[in-house]
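Secondary and tertiary structure notes
Here's the letter readout for the chains.
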Amino acid sequence: MANVDFRTVVKSFGTFTALHGLDLSIKSGEFVALLGPSGCGKTTTLRMLAGLEFPTSGDIIIGDRRVNDLPPGERDIAMVFQSYALYPHMTVAENIAYPLKKRGVPKAERGPMVAKTAEMLHLTALLDRKPKQLSGGQQQRVALGRALIRDPKVFLLDEPLSNLDAKLRSQLRAELIELHRRLGRTMVYVTHDQLEAMTMADRIAIMEGGNLQQFAPPAEVYARPANRFVAGFIGTPGMTLMDGMLVQSGNGWAFETEGLRLRLPRLIDSAKPGAAAFGIRPEDVHLGSGDLTGEVVLTEATGHETIVTVAIAPGVRVIARIPGTPALRIGDRVPVTLDAARAHVFAAGPQGARLNHPSGTADADEAFNIATPLRVASKGVLS
Amino acid sequence: MTTLTQTPLERRYARLGLLLIAPTVLIFCAVIIYPLVSALYLSLFKVFTPTLESSWVGLANYRELLASGMFWSALVNTLVWTAGTLTLQIVLGIGMALVLHQNIWFRSLARSLILFPYFISTVVAVLVWKWVFNDLYGILNHLLMQAGITNMPVDYLGSMPNAMISVILVGAWKYFPFVVIAVLARLQTIPEPLYEAARIDGAGPIARFFDVTLPQLRDVLVVIIMLRAIWDFKEFDLIWLLTGGGPSSSTETLPIVVYRQAFALNQMGMAAAWAVSMMAILLVFMIVYIRKTRDKGAV
Ligand SMILES: Nc1ncnc2c1ncn2[C@@H]1O[C@H](COP(=O)(O)OP(=O)(O)OP(=O)(O)O)[C@@H](O)[C@H]1O
Ligand SMILES: [Mg+2]
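This is a predicted model, so every value here is computed, not measured. Numbering of residues begins from 1 in every chain and follows the order in which that chain's sequence is written. The order in which chains are written sets their letters, starting at A; the order in which ligands are written sets their numbers, starting at 1. With pLDDT at 70 or above as the cut-off, local features in this predicted model cover only qualifying residues; side-chain atom pairs require 80 or more to be listed or tallied, and sums for whole chains, interfaces and linings still use all residues. Computation of side-chain values covers all heavy atoms of the structure but excludes hydrogens and water.

**Describing the overall build of chain B**
Scanning chain B from N- to C-terminus turns up 13 helices and two strands. Viewed in the frame of its principal axes, chain B has a C-alpha envelope of about 65 × 60 × 30 Å. Accessible area is worked out with a 1.4 Å probe on protein chains only. A residue is then buried under 20% of its type maximum, exposed over 50%, and partly exposed in between. Within chain B, buried positions represent 37% of all 299 residues. Using a 1.4 Å probe, accessible areas were evaluated by the Shrake-Rupley method; residue-level cover was limited to the displayed protein chains. Of the accessible surface of chain B, which amounts to about 17000 Å², a share of 72% is contributed by carbon and sulfur atoms. Asp and Glu count as negative and Lys and Arg as positive, but His and the ends of the chain are not part of the count. In plain terms, the charge of a residue is placed at NZ if it is Lys, CZ if Arg, CG if Asp and CD if Glu. Looking at chain B, you have 20 positive and 15 negative side-chain charges, and the mean spots of the two groups are 9 Å apart. Where helices and strands are cited, they refer to DSSP runs of H or I of at least four residues and of E of at least two residues respectively, numbered from the N terminus.

**Here's the deal with the pattern of salt bridges**
When a carboxyl oxygen of Asp or Glu is within 4 Å of a side-chain nitrogen of Lys or Arg, the pair counts as a salt bridge. Evaluation of the coordinates by the stated rule reveals 21 salt bridges over all chains. Here Asp69 of chain A ties to Arg66 of chain A by a salt bridge, and the two come within 3.3 Å at their closest N and O atoms. Overall, the relative accessible area of 44% leaves Arg66 of chain A in the partly exposed class. Arg261 of chain A is the salt-bridge partner of Glu256 of chain A, the closest N and O atoms lying 2.2 Å from each other. Residue class for Glu256 of chain A comes out partly exposed when judged on its relative accessible area of 27%. Salt bridges here are not isolated pairs; linked through shared partners, they connect Arg47 and Glu53 of chain A together with Glu196 of chain B.

**Some details on the pairing of strand β2 (residues 16–26) of chain A**
All names here are of chain A. Any two strands with at least two DSSP bridges between them are considered paired. As judged from the seven bridges shared by strand β1 (residues 4–13) and β2, these two strands associate in the antiparallel manner. Bridging from a neighbouring strand, Phe13 pairs with Phe16 of β2. Where β1 hands over to β2, the hairpin turn is made up of two residues, of which Gly14 adopts a positive phi near 60°.

**What to know about the confidence of the model for chain A**
Scored from 0 to 100, pLDDT records how confident the predictor is in each individual residue. Averaged over every residue, the pLDDT of chain A is 87; residues scoring 70 or more account for 93%. Contacts were defined at the residue level, with two residues in contact if any of their heavy atoms lie within 4.5 Å. Low pLDDT (under 50) marks residues 361–383 of chain A, which in the prediction has 43 contacts with non-local residues, meaning those over four places away or in another chain.

**Things to note about helix α1 (residues 8–42) of chain B**
Here a helix's expected span is defined as the number of its residues, less one, multiplied by 1.5 Å. Across its 35 residues, α1 of chain B extends 47 Å between first and last C-alpha, which sits within 8% of the 51 Å expected from 1.5 Å per residue. We define the bend at any residue as the angle between the axes fitted to the seven residues before and including it, ending there, and the seven starting there. Where α1 of chain B bends most, at Cys29 of chain B, the angle is about 40°.

**Digging into the interface of chain B and chain A**
Contacts between the two partners involve 15 residues from chain B, matched on the other side by 23 residues from chain A. Here chain B packs against chain A, burying approximately 1500 Å² in sum over the two surfaces, 59% of which is carbon and sulfur. Between Lys102 of chain A and Asp211 of chain B there is a salt bridge whose closest N-O contact spans 3.3 Å. Whenever a nitrogen or oxygen atom comes within 3.5 Å of another N or O atom, the pair is scored as a polar contact, on the condition that within protein one atom can donate a hydrogen and the other can accept it, and that pairs from neighbouring residues in sequence are kept only if both atoms are in side chains. At the junction of chain B and chain A, the tally comes to ten residue pairs in polar contact (both at pLDDT 80 or more). Where the side of chain B that touches chain A is concerned, the elements lending two or more residues are α9 (192–200) and α10 (205–233) of chain B. The leading source of residues in the side of chain B that touches chain A is α9 of chain B, at seven residues. In this classification, the charged set is Asp, Glu, Lys and Arg, the nonpolar set is Ala, Val, Leu, Ile, Met, Phe, Trp, Tyr, Cys and Pro, and all remaining amino acids, among them Gly, are polar. When its residues are assigned to classes, the side of chain B that touches chain A shows nine nonpolar, two polar and four charged. As used here, buried area is the combined drop in accessible area, with a 1.4 Å probe, of two parts when they are placed together.

**Regarding the site of ligand 1**
Residues and elements named next belong to chain A. What surrounds ligand 1 is the set Phe13, Phe16, Ala18, Ser38, Gly39, Cys40, Gly41, Lys42, Thr43, Thr44 and Glu159. A distance of 3.2 Å is found between an oxygen atom of ligand 1 and a backbone nitrogen or oxygen belonging to Cys40. In the model, an oxygen atom of ligand 1 is placed 2.5 Å from a nitrogen or oxygen of the Thr43 side chain. Of all the secondary structure elements, the ones that give two or more residues to the shell around ligand 1 are β2 and α1 (42–50). With three residues, the top contributor of residues to the shell around ligand 1 is α1. We call a residue near a molecule or strand whenever a single non-hydrogen atom of that residue lies within 4 Å of it.

**Some thoughts on a positive patch on the surface**
On the surface, Lys130 and Lys132 of chain A together with Arg218 and Lys292 of chain B cluster together into a positively charged patch. Structurally, Lys132 of chain A is set in the loop between α3 (107–120) and α4 (136–148). Assessed through its relative accessible area of 77%, Lys132 of chain A is described here as exposed. Excluding any residue in a salt bridge, patches collect residues exceeding 30% relative accessible area, merging like charges within 9 Å and nonpolar Val, Leu, Ile, Met, Phe, Trp and Tyr side chains within 5 Å.

**A few points about the nonpolar core**
General note: in soluble globular proteins, nonpolar side chains tend to be found buried as a group. Ranked by internal contacts, the top residues of the largest apolar core, which has 63 residues, are Leu156 of chain A together with Val183 of chain B. If we ignore the near neighbours within four places in the chain, the residues touching Val183 of chain B are Ile94, Ala97, Leu217, Leu221 and Ile224 of chain B. Judged by nonpolar contacts, the second largest core, of 45 residues, contains Ile96, Ala143, Leu148 and Ala216 of chain A. Here, nonpolar core refers to any group of buried Ala, Val, Leu, Ile, Met, Phe, Trp, Tyr and Cys residues whose side-chain atoms link them within 4.5 Å.

**Considering unusual backbone geometry**
Here the residue pair Thr236 of chain A and Pro237 of chain A is connected by a cis peptide bond, since its omega of -10° sits within 30 degrees of zero. Note that Pro237 of chain A resides in the loop between α8 (228–233) and β11 (240–249). A positive phi is found at Tyr84 of chain A, a non-glycine position, where the angle reads about 70°. Note that Tyr84 of chain A resides in the loop between β6 (77–80) and α2 (92–102). The backbone of Asn266 of chain B sits at a positive phi, close to 60°, despite the residue not being glycine.

**What about the sheet that holds strand β16 (residues 305–313) of chain A?**
All names here are of chain A. Read across the sheet, four strands follow the order β17-β16-β15-β18 without closing on themselves; strand pairing throughout is antiparallel. Since the sheet does not close on itself, it has two edges, and those belong to β17 (316–323) and β18 (333–338), each with one partner. Averaged over neighbouring strand pairs, the angle between their axes works out to 50° when direction is ignored. Bridge analysis of strand β15 (residues 285–301) against β18 gives seven bridges, and the strand direction is antiparallel. Its bridge partner lying in β18, Val285 is registered against Leu338. The convention used is that axes are lines fitted to C-alpha atoms, helices contributing only their stretch in contact, and that angles between N-to-C directions extend from 0 to 180 degrees.

**So, a nonpolar patch on the surface**
Residues and elements named next belong to chain B. Together, Ile27, Phe28, Val31, Ile32, Ile33, Leu36, Val37 and Met279 give the surface a local cluster of nonpolar side chains, amounting to about 670 Å² of exposed area. No other element matches the seven residues that α1 contributes to the nonpolar patch. Following the sequence through the fold, Ile32 ends up in helix α1. Note on Ile32: relative accessible area 39%, which makes it partly exposed.

Given below as structure tokens:
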């Protein structure tokens, strides 16, 4: 078991900089997901931790050791590749035993260890097969077995489930969670699937364009996205985000856009009037009552809930998540409430920082001792 | 059974298939079966090459051939030459392919240059090598003497075992590019994650070669070795031009004997008997080759 530290790690490929000074502190035994869109630098981060890629500057620490100059074999890590990378000419048993063999574990000791690992991963019946004779899920388990058998300090997994079908994926997800709980090892898990990150990780590191955007537990990432990018990236369907102006109104704040004026509570002290973005999650948009009126543009029923897109002003659409299948038709006009106490405000720009405290957090209540029952006021300029 | 259940459409396809394959079969018969059969036939006669005057001798040619020590010494020469040059070709070929697979700056230039020996005509190559090896004014002797490694010119082609070694070396030089190209093509398809997984598993460069590279090269090496073994076994021009089989008959391989019998000793029938014997030995190679490639197709 070991903690993992990235200290202002920069990685450039020629003139292209893939990582701009990454700082990341992973605690011992923690399950951390690296999440972000394609090309954001997740794999690069993981490969540097594995020693397959070397940082241009900065330090990488595993345990209390700076590993920058250690080759992969000496870092006491194990990695599971997206392509599994099983040795095709070796049997399952030989594949799993390989790391032991290369570390000089005597043959007599390897046998029982392979048997134990195989049993844990339900591979016992497949030990004599070659990788080609296995299904994708079985190959994935063999790759896991090869990583597990050595009992390394840190497990690295690069999108290990992305080549599997949905059902197998959720099954292996559960198995991985269980495995982590049982072994208590540090795990770094790369994925672009937010469901995987949200369900498995203790903390999620969200990356974009080679920068760490937020590093926090799943619930916090969801409830309190640190900036506009995280807000838009986490959650399906995504948060409705609109651009507009932050203005001072009386002794409070309001957000104005396209003929819409929304009163805002709980802004941070450093908030300044000017361009800003307003965000609201679909579950915080309520239909059926409220000061706003909207026109139903689209309904998507999934059975247990319905995603409704409503136009509340010309060019302003919000997405609402309604339980069940409400009797709404396209073109219907419905009253709309935006639960502004649960809204999010960000500075302008694609990675604009968060400007308000969300409800229910400690410092929010500290900063704003006014439990304003906020309904959104409209100027009534609807279509 | 299957013919009974054939639909009319299947029968039509079958007929079309026959029609399409017929030209190939005819050409195959004309250029392979016919010479083969006529060689077999010829080997049963005593033929005087200039006049092609012939008389039936049955298996006498074979009896004479097997009884003479020449056949066995030629066979040994052939095997020594084949094993020696083939081993060098494979080792050099794999080594060079591994080097060219690295990201070296002159890679693409080197990849083209490496083909040079394979492309140049044997006659030209041999002429150049004869100059290099020449005991009086060859560059090799000149350099060796200047460096003080030898103080007498070495006779590379006119004494043994030098002649055999020289022939083997030139053969390896001439044909290793074939191995390089075939191995390089395969190397480029080995997935990089395999090497990365091996590095993480604690395998050093040598272990990675034996545990990742070599197993992946296995199939292509089987094909290369079989093909090159057959081609080297029947190599004629390179040896003939370099040593003519000499000194005395110490580099005389089977193809050279065949040539000698037919055109120096004017014994066309005897030459055919030699050629047929050689083919029988090659048949062993071919059967191994076919079995290896067929096994692979079946898996
Ligand atoms: N060897 C390389 N040479 C040049 N650029 C590279 C190299 N490896 C990665 N990059 C670049 O670095 C950036 C980050 O790549 P990385 O593989 O880490 O992305 P990722 O977050 O893993 O994306 P994905 O979800 O698609 O796997 C990309 O823009 C990529 O093009
Ligand atoms: Mg990746």
